[in-house]
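Observations on the model geometry
Each chain, letter by letter, is given below.
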Amino acid sequence: MKKVSFIVIGAGNRATAYSRYAISAPDKMEIVGVAEPIKARRESMRDQFHIPEENCFSDWSEILARPKMADAAIISTQDQMHYEPAMRAIELGYHLLLEKPMSHRPEECVAIAKAAEEKGVHVIIGHVLRYAPFFTALRNVIASGRIGKVVNIDHVEGVGDIHYSHSFVRGSWHREEDSAPMLLAKSCHDFDLLQWLVDKDFTRVQSFGSRTHFCKENKPEGAPKRCIEGCPHGKPCVYNAVKRYYDDKQNAWFRNAAAMAAQFDNIATDEEIECALRETPYGYCVYDSDNTVVDHQTVNMEFEGGVLATFTMSPFNRGGRRIHVMGTEGEVYGDAGVGDLTVFTYQNRKTVVEKSSDIVQDETILGGHGGGDSRLIKALCELIATGETSVSYCSAMTSARNHLAVFAAEEARHTGTVVDVAEYEKRFL
Ligand SMILES: NC(=O)c1ccc[n+]([C@@H]2O[C@H](COP(=O)([O-])OP(=O)(O)OC[C@H]3O[C@@H](n4cnc5c(N)ncnc54)[C@H](O)[C@@H]3O)[C@@H](O)[C@H]2O)c1
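Cut-off values and rules
Residues numbered from 1 in each chain as written. Predicted model: local features only at pLDDT ≥ 70, side-chain atom pairs only at ≥ 80, totals over all residues. Heavy atoms only, no water. Core = buried A, V, L, I, M, F, W, Y, C linked by side-chain atoms within 4.5 Å. Buried < 20%, exposed > 50% of the residue type's maximum accessible area, 1.4 Å probe, protein only. Helix = DSSP H or I, 4+ residues; strand = E, 2+ residues; numbered from the N terminus. Contact = heavy atoms within 4.5 Å. Pairing = 2+ DSSP bridges. Axes fitted to C-alpha atoms, helices over the stretch in contact; angles between N-to-C directions. Phe/Tyr/Trp six-rings, centres within 6.5 Å; stacked < 30°, edge-to-face > 60°. Near = heavy atom within 4 Å. Polar contact = N/O pair within 3.5 Å; in protein donor to acceptor, adjacent residues only side chain to side chain. Areas by Shrake-Rupley, 256 points an atom, 1.4 Å probe, with all protein chains shown as cover. Nonpolar A, V, L, I, M, F, W, Y, C, P; charged D, E, K, R; others polar. Domains from an automatic or database assignment. Buried area = accessible area lost by both parts, 1.4 Å probe. Salt bridge = Lys/Arg side-chain N within 4 Å of Asp/Glu carboxyl O. Disulfide = S-S within 2.5 Å.

One finds Leu-96, Val-123 and Met-301 to be the most contacted residues of the largest nonpolar core, which totals 102 residues. Looking at which element gives the most residues to this core, the answer is helix α16 (residues 396-415), with 10 residues. Setting aside chain neighbours within four positions, we find Leu-96 in contact with Ala-73, Ile-75, Ala-86, Ala-89, Ile-90, His-122, Val-123, Ile-124 and Leu-380.

Shown next as structure tokens:
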């Protein structure tokens, strides 16, 4: 198989996760250019992959001002910085691994998909869960017909209390105005998964959600703005930023995000963390941040043929997705964090548990998102090199339409109505 070359635009957490495949499979993937404004991140990517200095840039517009220098681009800038580099990279003929959400604007999601179709390039969205063994196994159970026709799905996305506080109270996605609504930033994965599992179009959506816990009304008496200023409630508080960022020396994810530090083989220093806790939202009391995204949300979904799904996003758990698919001839239940799928078939009244060892294989450092990260980038390399698609493949237009269903659900939440997804799509397609 031909080795596939990539440039990286935005050398943060996600680009690092994907580019690790070039370390484990150097005959399949190489990184030949990078655009990243943070010097330490740019240099750590440069050094890791021996990228020539002339291919290292501090802004996406500079690397994309050059003639095409690779087969594909990983675009993993923040949510509101996807559209422009994506359109320019497509124009240059790059295949894309474009992080979700495609854009925070519905019309831009569609424009990206149309541009990809016109140019004949692959635009794969970072919907890594499609590639995670747990969910591909679930898709296979459904596609095999073992549970008959799908009628109902009950799906819960447990974001987890600590993860939620890091990303959605203090981190990059805490203000919808600067990033995206919670449903788009986090749960576009789940819309995409559900549409893929049901394999039918969305027809109607309805949604409720608000922010009731991570707000000032719940701030304990006497708590300072920043945990590091000596909070009298700091000891029992699970969200105490000093505990989460400063005391936990091994948490590279949290530490490097808070300090905007280099990613490869690096953990931000105590000095960097202290500075982040004093100067950035990562130091805020979770009850006194400037967060605007919802902290719990539900969506009722209807698909063609009357298939129904209920979806819950909640931080009030330890984290992980749980799904129950009910069909005309059987049901399947699974907890993605555990990995087992329990299949019960009505005819023979038998329960079969497909063990996690059968489903989740070779989990390593590459195993982010239940193995989805590494499998997505591997599948993209195969797609570009051989043209072969996997069961997890999704066209850019299908991804865009699944994003439109998210926007429609947000409209439903804001207007207190049921939104007809086909009618909603007509505005943009
Ligand atoms: N697929 C998933 O499961 C998943 C998970 C988390 C995040 N994401 C998405 O991935 C994207 C990136 O998230 P992340 O956690 O890696 O963020 P990050 O902040 O770690 O990385 C983004 C990088 O973009 C860089 N950048 C900023 N301006 C730039 C410019 N002009 N040119 C080039 N680079 C620039 C930043 O300096 C930063 O290093 C987001 O859209 C996010 O929503 C996807």
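Moving on, we come to the sheet that holds strand β9 (residues 296-303). The nine strands lie next to each other as β14-β13-β12-β11-β7-β10-β9-β8-β15, forming an open sheet whose pairing is mixed. The sheet terminates laterally at β14 (350-354) and β15 (419-420), the two strands that pair on one side only. Of the strand pairs in this sheet, strand β7 (residues 150-158) and strand β11 (residues 320-327) are connected by eight bridges, and their pairing is antiparallel. Each bridged residue has a counterpart across the sheet, and for Val-156 the counterpart in β11 is Arg-322. Sitting on the sheet, helix α7 (residues 133-143) touches β7, β11, β12 (330-335), β13 (341-345) and β14, and the angle it makes with β11 is about 0 degrees. Against the sheet, α16 contacts β8 (202-210), β9 and β15, and its axis sits at roughly 50 degrees relative to β8.

Glancing now at the packing of aromatic side chains. This model, assessed by the stated rule, comprises 16 aromatic pairs. On the basis of an interplanar angle of 35 degrees and a centroid distance of 5.6 Å, the ring pair of Tyr-164 and Phe-168 is categorised as tilted. Of the two residues, Tyr-164 and Phe-168 both sit in helix α8 (residues 161-170), four residues apart, roughly one turn of that helix. Accessibility classification places Tyr-164 together with Phe-168 in one group, the buried group. Taken together, a centroid distance of 6.1 Å and an interplanar angle of 10 degrees make the contact between Phe-214 and Tyr-287 stacked. A residue pair is termed long-range when its members are at least 10 positions apart, and Phe-214 in the loop between β8 and α11 (241-247) and Tyr-287 in the loop between α13 (270-279) and β9 qualify at 73 residues. Look at Phe-214 and you get buried, because its relative accessible area is 0%. Taken together through their ring pairs, the aromatic side chains of Tyr-164, Phe-168, Trp-173, Phe-214, Tyr-239, Tyr-287 and Phe-316 make up a single cluster.

Turning our attention to the site of the ligand. Among the 25 residues in the neighbourhood of the ligand, the closest are listed as Arg-14, Glu-36, Arg-41, Asp-79 and Gly-126. A distance of 3.0 Å separates an oxygen atom of the ligand from a polar backbone atom of Asn-13. Within the contact set of the ligand, an oxygen atom lies 3.2 Å away from a side-chain nitrogen or oxygen of His-369. When the ligand sits alone it has 840 Å² of accessible area, and the protein chains cover 88% of it. Here the shell around the ligand gets three residues from one element, more than from any other, and that element is helix α1 (residues 13-19). For the shell around the ligand, the per-class residue count stands at eight nonpolar, 10 polar and seven charged.

Ordered in space as β3-β2-β1-β4-β5-β6, the six strands form an open sheet in which the pairing is parallel. One side of each edge strand has no neighbouring strand; the edge strands of this open sheet are β3 (56-57) and β6 (123-125).

Before going further, it helps to examine the environment of Glu-279. Among the secondary structure elements, Glu-279 is positioned in helix α13. C-alpha of Glu-279 to C-alpha of Arg-401: the two residues are 122 residues apart in sequence and 39 Å apart in space.

Moving on, we come to the environment of Arg-66. Along the polypeptide, Arg-66 turns up in the loop between α4 (60-63) and β4 (72-75). Note: C-alpha distance between Arg-66 and Leu-92 (26 residues apart in sequence) is 9.3 Å. If near-sequence neighbours (up to four positions away) are discounted, Arg-66 is found in contact with Glu-54, Phe-57 and Leu-92.

Considered domain by domain, the protein is made up of domain 1 (4-125), domain 2 (129-215 + 292-363 + 395-426) and domain 3 (216-283). In this structure, domain 2 and domain 3 have C-alpha centres spaced 31 Å apart. Listed as interface residues are 14 residues of domain 2 and, on the opposing side, 16 residues of domain 3. In total, domain 2 and domain 3 occlude about 1300 Å² of area from one another, counting both sides; carbon and sulfur atoms represent 57% of this. Among the residues domain 2 hides against domain 3, the three largest losses belong to His-166, Arg-170 and Cys-215. Together they make up 56% of the total.

Glancing now at the pattern of salt bridges. As enumerated under the stated definition, the model contains 29 salt bridges in all. The residue Asp-288 makes a salt bridge to Lys-225 at a minimum N-O spacing of 3.4 Å. Of this pair, Asp-288 sits in the loop between α13 and β9 while Lys-225 is found in the loop between β8 and α11, placing the two residues 63 residues apart along the sequence. Accessibility expressed as a relative area gives 10% for Asp-288, which makes it buried. Here Lys-225 falls in the partly exposed class, since its relative accessible area comes to 30%. Across the salt bridge formed by Asp-270 and Arg-255, the nearest N and O atoms sit 2.7 Å from each other. One end of the pair, Asp-270, is in helix α13; the other, Arg-255, is in helix α12 (residues 252-259), with 15 residues separating them in the sequence. For Asp-270, a relative accessible area of 22% gives the class partly exposed. Since its relative accessible area comes to 2%, Arg-255 is described here as buried.

This next bit is on the state of the cysteines. Here the structure, examined in full by the defined rule, presents zero disulfides. Sulfur of Cys-215: no disulfide; nearest cysteine sulfur belongs to Cys-285 and is 11 Å away. No disulfide involves Cys-275; its sulfur sits 16 Å from that of Cys-227, the nearest cysteine.

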